[in-house]
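# Structural characterization, general
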Amino acid sequence: MALAGPSSALLSSSSSACLRRLNPLLLSAACRRPAWGQRRAARRFCSAIASEADVFNSPEVAKSFDFANEERIYKWWESQGFFKPNFDRGGDPFVVPMPPPNVTGSLHMGHAMFVTLEDIMVRYFRMKGRPALWIPGTDHAGIATQLVVEKMLAAEGVKRTDLTREEFTKKVWEWKEKYGGTITNQIRRLGASCDWSREHFTLDEQLSRAVVEAFIRLHDKGLIYQGSYLVNWSPNLQTAVSDLEVEYSEEPGNLYFIKYRVAGGTRDDFLTIATTRPETVFGDVAIAVNPEDKRYAQHVGKLAIVPLTCGRHVPIIADRYVDPEFGTGVLKISPGHDHNDYHIARKLGLPILNVMNKDGTLNDVAGLYSGMDRFEAREKLWSDLVETNLAVKKEPYTLRVPRSQRGGEVIEPLISKQWFVTMEPLAEKALRAVEEGQLTILPERFEKIYNHWLTNIKDWCISRQLWWGHRIPVWYIVGKKCEEDYIVARTKEEAFAKAQEKYGKSVEIYQDPDVLDTWFSSALWPFSTLGWPDLSKEDYKHFYPSTVLETGHDILFFWVARMVMMGIEFTGSVPFSYVYLHGLIRDSEGRKMSKTLGNVIDPLDTIKDYGTDALRFTLSLGTAGQDLNLSTERLASNKAFTNKLWNAGKFLLQNLPDRSDVSAWDFLLANKFDTEASLQKLPLPECWVVTGLHELIDRVSTSYDKFFFGDAAREIYDFFWADFADWYIEASKTRLYHSGDKLAAATAQSVLLYVFENILKLLHPFMPFVTEELWQAFPFRKQALMVTPWPTTDLPKDLRSIKRFQNLQSLIRGIRNVRAEYTVEPAKRISASVVATADVLDYVSKEKQVLALLSKLDVQNVHFTESAPGDANQSVHIVADEGLEAYLPLADMVDVSEEVKRLSKRLSKMQSEYDALVARLNSQTFVEKAPEEIVRGVREKASEAEEKISLTKNRLAFLQSTVST
């Protein structure tokens, strides 16, 4: 319906009542309408879709948005089935597999970050009409969960080894059923709109079947093998652990300098080696120097005697790996206990000696030190080296110590028999996926890291010595060697049948006691959760491959790359089109959050204090791949943003027709301003704000599509606060409270509703709770906001209105600045003469009411002219823009004589302060002896004072000239 046309809505009694709210700035207090709270205290606008559920509050009856209502809104969304993919509007599915948090986990800011970003994606594309599926679930977290249950049992006086494997795993399942839902309930609290009917657990039946199938297929292709290799060993946990479960910390230690005598030489013929781990000398198989190091060239090819080993000889070799600058430039090669030494030994064909038992004690290779704890042996061995004159010195040294992420103990590089996956052929396909554009990594710079890791990939140790996890589907034959005779099968029954076929009916078998690395099942997550290996599953056919994998950049190798490799290997497709990587969350000073520093910010406490929306909005403002510094100041600022939205909604509800006035609401809701004609008919402020909204929709939609969420959030924030709230809402009051123009009021109502509704739509993915509550507060809601269609892009824009309203804003700002400069009382109305060219006056004069209200001018004494007024020399002159000026009579603003006295007194004081600063700077003693930052500070103060004096003199001269005039 065109705004210029007649409408019964505009003439209805309720509309008239709504429009008879007079501008309090123009009329006396006696004429003002009663307070809204007195007039409509019981009135509520509530959507028909939600009224029966009594879910939502309205800004009309609630002072602010109640965070406690978030859980009620969430349950309502879930009960309505909004989290399930909807194919009604067609479109390609948008699928996001949630990174499964550990079942032992409790919500931290890292979880809050991924939930926020993934929910933003899913809500946006759901509103865009795509069937959106966000697949939730949890990881069985082998080591972490087993540790938790072992500690629980220990509190009861029970050790794991007191139980059978079956009894222990039963205890773990009982714990999981009781406590395993904690993390998912907390994720719900963040507003995660994932389809909980499709929730998975990595040890559930479907995913366990996928894990076994994947193992068998890789083994059948010769990509899984068993062997003894160097791994990260946890002596306390008694298992191999992945690189991700090893954390390095800088700790004080020592660098030990030890003599290695040269065989056949004199007592003074020795090499000095610096090591941080003298207990590993028993595992030395060679001594290495750099081939360019002339200090030791004469020793290369000879033999050295390993200390305290009863004369065991090892070769002295040359290798470019040795750093001549570290220590003495001589390196002992202990391949059984150092990853770098291990690779050198493999390259050169050196033997490998293991001197450590799996509990961290030294074994028989260590001779007299056998059975001693590794750290105890270190001290004893050094003491013996000193006694035998083989110790040179011991220096303090900062060590980079590998510690177990779970248990905290020092990890030991150890040779251990494990199962491995050959990674190179899998990595080649994953590299090609990025090269050929099948997979896009965001930010793009992480492609280099991805490529580097896959290019230099090592075989993957997939076995763990635990009881909780996916049991390796391998069975051994009793009485046969494990390395030679084993059977890979999907079930025990299948394994037994195979064994009988090969070894006879009397054969006995037993299963490998190890479980698979947790990351093995996680690598299958994008397709195992959709039904693989059953390719007939509807979910697999509809939703695989998925669209986006969002996670922290720190697990790009350990999880993301492995999912890509496994996805291509087992499905023939890259499992997702995009990888979006977020950074870490740090404190306000950029430090990593830790309990030790006491700087951990708890998401649930944050939600209680600031609301979920403020937390989500704050987290979304980061840049992809970069760490985000989080502070309570940022959270408080975005809590204020939530309140600003709420108050804007309150203002609209107070100034829109009664809910009972259906015809008025039909008129308001029909105006979409989606044609050039409808936009051109709008007055300047309305045309400006609608054009700004249409530009915003385009920019924000583009940012969403490109995953530039921080840019989208800032754009919406700035438009809502700076344009809509600070300017248009204020301008609209001249229409709403003006008694003589019903059409102008109805137009403003339409624009207010249209713009605010679209702001709520644009903001909903970031701040789902407050936007849904506000949306439901308005009448005639046909849908929940979260399933309402996204705003249309490429809507008409009047760019001329942008420039024109900017000119008006410049004029208003100029007048406001002058008022502040002359400390005019806020309530005082002043007169003004606006001077401009005819075409500028044409549009500025039409907005006389807006100019007067926002500049606090006396509307009866605002004049528009093409030439300067007669009292120009007694007025403050403002140049707002080329062709637009204003003159403000001084007499309206201040008592000129009194202002001259005030400024003269102020100038005298400023001059005295300036002279004192200059005197200090002219003192050679002060300049030479005072700290540099103090001198610099005095210079800056003097410069600022000089500038203020100049401005005050100019203003004083101007005032004195007006007095003389």
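Up top is the structure these notes are about.
Okay, so let's go over this structure. In this text, all values refer to a predicted model and were calculated from it rather than measured experimentally.

Turning our eyes to something else, we now look at the pattern of salt bridges. With the rule as written, the count across this model stands at 43 salt bridges. When the shortest N-O distance is used, the salt bridge between glutamate 494 and arginine 490 registers 3.8 Å. Glutamate 932 is the salt-bridge partner of arginine 936, the closest N and O atoms lying 3.7 Å from each other. Of this pair, arginine 936 and glutamate 932 both sit in helix α35 (residues 932-964), four residues apart, which is roughly one turn of that helix. The exposure class of arginine 936 is partly exposed, given its relative accessible area of 42%. Classification of glutamate 932 as exposed rests on a relative accessible area of 61%. Sharing partners across several salt bridges, the network here consists of Glu213, Arg217, Arg490, Glu494 and Lys498.

This brings us to the environment of glutamate 156. With respect to the helices and strands, glutamate 156 occurs in the loop between α7 (142-155) and α8 (165-179). Here glutamate 156 falls in the exposed class, since its relative accessible area comes to 52%. Sequence separation between glutamate 156 and asparagine 69 is 87 residues, and the spatial gap between their C-alpha atoms is 41 Å.

When you tally the buried positions in strand β14 (residues 412-421), you get nine out of 10 residues, the bulk of the element. Pairing between strand β5 (residues 224-234) and β14: 10 bridges, direction antiparallel. Looking at β14, one finds that serine 228 is bridged to lysine 417. Pairing analysis gives two bridges linking β14 to strand β16 (residues 460-461), with the strands arranged antiparallel. Looking at β16, one finds that phenylalanine 420 is bridged to cysteine 461.

Right, let's talk about the nonpolar core for a bit. Membership of the largest hydrophobic core comes to 167 residues, with the highest contact counts inside it found for Tyr704, Phe724, Val755, Phe756, Phe766 and Met893. By residue number, the principal contributor to this core is helix α26 (residues 709-736), which donates 13 residues. Not counting chain neighbours up to four residues away, the residues in contact with phenylalanine 724 comprise Leu652, Val689, Phe719, Ile729, Leu752, Val755, Phe756 and Ile759. One finds Phe215, Tyr544, Leu549 and Val560 within the second-largest nonpolar core, a separate group that totals 64 residues.

With that out of the way, let us pick up the sheet that holds strand β18 (residues 474-477). Taken together, the three strands give an open sheet; going across it, the order is β19-β18-β20, and neighbouring strands pair in antiparallel fashion. Edge positions in the sheet fall to β19 (486-488) and β20 (509-511), since each of these pairs with one other strand and no more. Across the sheet, the mean angle separating the axes of adjacent strands is 30° when strand polarity is ignored. Sheet analysis places β18 next to β19, joined by three bridges and oriented antiparallel. In the strand pairing of β19, tyrosine 476 is matched with tyrosine 486.

Turning next to the pairing of strand β8 (residues 270-275). Most of β8 is tucked away: five of the six residues are buried. Taken together, the six bridges between strand β7 (residues 246-262) and β8 define a ladder with antiparallel strand orientation. Bridge pairing in β8 links tyrosine 256 to threonine 275.

The strands that make up a sheet pair up through hydrogen bonds in the backbone, lying either parallel or antiparallel. Within the open sheet, the four strands sit side by side as β27-β26-β29-β28. Their pairing is mixed. Of all strands in the sheet, those bounded by a partner on one side alone are β27 (857-865) and β28 (875-881). Along the sheet, successive strands turn relative to each other by an average axial angle of 25°, direction set aside. Here strand β26 (residues 830-836) pairs with β27 via five bridges, running parallel. Among the inter-strand pairings, alanine 832 is bridged to a residue of β27, identified as valine 862. Contacting β26, β27 and β29 (884-889), helix α30 (residues 838-846) crosses the sheet at an angle of about 140° to β26.

Roughly 1200 Å³ of internal volume is contained in the second largest pocket. Taken together, 42 residues line the second largest pocket, and the ones lying closest to its centre are Thr276, Arg277, His337, Asp338 and Arg400. Elements with a minimum of two residues in the lining of the second largest pocket: β7, β8, β12 (330-333), α11 (339-348), α12 (374-387), β13 (391-404) and β14. It is β13 that provides the largest number of residues to the lining of the second largest pocket, a total of six residues. Looking at the lining of the second largest pocket, its residues break down into 19 nonpolar, 10 polar and 13 charged.

Rules used throughout
Residues numbered from 1 in each chain as written. Predicted model: local features only at pLDDT ≥ 70, side-chain atom pairs only at ≥ 80, totals over all residues. Heavy atoms only, no water. Salt bridge = Lys/Arg side-chain N within 4 Å of Asp/Glu carboxyl O. Helix = DSSP H or I, 4+ residues; strand = E, 2+ residues; numbered from the N terminus. Buried < 20%, exposed > 50% of the residue type's maximum accessible area, 1.4 Å probe, protein only. Pairing = 2+ DSSP bridges. Core = buried A, V, L, I, M, F, W, Y, C linked by side-chain atoms within 4.5 Å. Contact = heavy atoms within 4.5 Å. Axes fitted to C-alpha atoms, helices over the stretch in contact; angles between N-to-C directions. 1 Å grid on protein atoms, 1.4 Å probe; cavity = no way out; pocket = protein on both sides within 12 Å on 5 of 7 lines; lining within 4 Å. Points joined across faces, edges and corners; volume = space filled by probe spheres on them. Nonpolar A, V, L, I, M, F, W, Y, C, P; charged D, E, K, R; others polar.

The quantities given are spatial measurements derived from coordinates; they are silent on function.
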